[in-house]
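The primary structure of each chain is shown beneath.
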Amino acid sequence: MNKNFITFCFFALALTIAGCSDTKTPAKESATAETASTETTATTNTAVAESEKSADNASAGSATAPQVEGTKTITLSNGASVTWIQDNTGNKLNPRSLFSDASDSLYNSLNMPDGIPASVSTFLVKVDGKYILFDAGLGAFGGQLMNRLAALGVNADSIGLVYLTHFHVDHISGLVAKDDAGNDAKAFKNAAVYAGKVEYDAWMNDIPKNDLQKNIMALYKDSLHLFAFGDTLPHGVLAMDAVGHTPGHTAFQLANLLIVGDLMHGYALQKDHPEINSNYDMDKPKSAESRKRIMQYARDSKLLMAGMHLPPPGFVE
């Protein structure tokens, strides 16, 4: 890690789509064109309608604290609180071009010509008096996590655990901050970081363009813990196989909450058609299988789903 890391990060940003890592986009896609199409601040009637619908669906909990802009806090069945934190600025619409698996007729039936409402999100859980952060967001690439934690009255130093769903840029870049000397430093200096071993091994050994991932993992090497699918992590969090989006993509269950990571990039489309992938999914057949299986599990178990790209406020039943 050195002072050149932030230079590399901004070079990597030019290769990302809508705050996602370069590896999320097939070679045939144009990162520049797709970034321009996804990063819109226009508010459409369909975007508002879908966002309001998802808010209505999040009825499994009730607000427990005054709301900060870009956040929503609810209480889980075990008494823990979970706060959705919107990490992106403005409104986010994922374009039709992101869902090449969908036919024109299917997509047009949504009546969302400007794109499907989405977000870049993280989730903060307070359980047993401790703070757990699920994913760390965009960081230097426009992330609002630190500002919103401060507005919530939560100091980054009080975060004791960070659980990672996967290693794409918009999920791990927020782990890095700058110290007073301008050097790369831990954004959460007191946190133990938990990552799936399958995901870790794939990024460290097999996936190209992985310098950012390697540098961040090296920064946290003294507080990094690798888990296997099926492991129960501190505070009763269950790590679940959700592979397909990435080789070790992980969902997490805590009480009646199921954090599904990047299982869905277009909820309005994929909630009824889980067979439809986004072009970000690295293994589409596995991604579709995981989406069908986990969504059915959530329905059968009456779980509240929280997703990193669900429309605001990030919760759906």
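The shown structure was predicted, so the numbers you read here are calculated from the model rather than taken from an experiment.

Definitions and limits used
- Residues numbered from 1 in each chain as written.
- Predicted model: local features only at pLDDT ≥ 70, side-chain atom pairs only at ≥ 80, totals over all residues.
- Heavy atoms only, no water.
- Helix = DSSP H or I, 4+ residues; strand = E, 2+ residues; numbered from the N terminus.
- Buried < 20%, exposed > 50% of the residue type's maximum accessible area, 1.4 Å probe, protein only.
- Axes fitted to C-alpha atoms, helices over the stretch in contact; angles between N-to-C directions.
- Parallel < 35°, antiparallel > 145°, perpendicular 65-115°, else oblique.
- Left-handed = near helix turned anticlockwise from the far one by under 90°.
- Contact = heavy atoms within 4.5 Å.
- Nonpolar A, V, L, I, M, F, W, Y, C, P; charged D, E, K, R; others polar.
- Pairing = 2+ DSSP bridges.
- Polar contact = N/O pair within 3.5 Å; in protein donor to acceptor, adjacent residues only side chain to side chain.
- Phe/Tyr/Trp six-rings, centres within 6.5 Å; stacked < 30°, edge-to-face > 60°.

**Student:** Please explain unusual backbone geometry as it appears in this structure.
**Tutor:** Trans peptide bonds make up the majority, and among non-glycine residues the majority have a negative phi. Of note, the amide linkage connecting Pro312 to Pro313 takes the cis form, showing an omega dihedral of 10 degrees. Its identity as a non-glycine residue notwithstanding, Lys209 has a phi of 50 degrees, on the positive side. Along the chain, the position of Lys209 falls in the loop between helix 7 (197–205) and helix 8 (211–219). The class of Lys209 is exposed, set by a relative accessible area of 58%. In this structure, His235 is a non-glycine residue whose phi angle is positive, near 70 degrees. Among the secondary structure elements, His235 is positioned in the loop between strand 12 (232–233) and strand 13 (237–241). Overall, His235 belongs to the partly exposed group, its relative accessible area being 27%.

**Student:** Explain the packing of helix 7 against helix 8 here, please?
**Tutor:** Angle between the axes and distance between the axes are the two parameters that describe a pair of packed helices. Direction vectors running N to C along helix 7 and helix 8 enclose 125 degrees, while the axes themselves pass 9 Å from each other. Of the possible angle classes, the one that applies to helix 7 and helix 8 is oblique. Where helix 7 crosses over helix 8, the handedness of that crossing is left-handed. In contact with Tyr200, Trp203 and Met204 of helix 7, helix 8 contributes Gln213, Lys214 and Met217. Classifying every residue of the contact of helix 7 with helix 8 by side-chain character gives four nonpolar, one polar and one charged.

**Student:** Where do I start with the sheet that holds strand 16 (residues 304–307) in this structure?
**Tutor:** Whether parallel or antiparallel, the strands of a sheet pair through hydrogen bonds between backbone atoms. Reading across the sheet, the six strands line up as 12-13-14-15-16-17 and stay open at both edges, with mixed pairing between neighbours. Each edge of the open sheet carries a strand with a single partner, namely strand 12 and strand 17 (315–316). Examined bridge by bridge, strand 16 and strand 17 share two bridges and lie antiparallel to one another. By the bridge assignment, Met305 is partnered in strand 17 with Val316.

**Student:** For this particular structure, what's the right way to read the side chain of Ser223?
**Tutor:** With respect to the helices, strands and loops of the structure, Ser223 is situated in the loop between helix 8 and strand 11 (224–227). Relative accessible area serves as the criterion here: at 11%, Ser223 is assigned to the buried category. Here the side chain of Ser223 touches Lys186 through a polar contact of 3.4 Å, side chain to side chain. Look past the residues within four positions of Ser223 in its chain and what remains in contact with it is Lys186, Ala191, Ala192 and Val193.

**Student:** Help me understand the packing of aromatic side chains, please; the structure alone is not making it clear to me.
**Tutor:** Scanning the model with the defined rule gives six aromatic pairs in all. Taken together, a centroid distance of 5.8 Å and an interplanar angle of 70 degrees make the contact between Phe227 and Phe252 edge-to-face. Of this pair, Phe227 sits in strand 11 while Phe252 sits in strand 14 (residues 250–254); the two residues are 25 residues apart in sequence, bridging distant segments of the chain. On the accessibility criterion, Phe252 (1% relative accessible area) is buried. In this structure an aromatic cluster arises from ring pairing among Phe134, Tyr163, Tyr194, Phe227 and Phe252.

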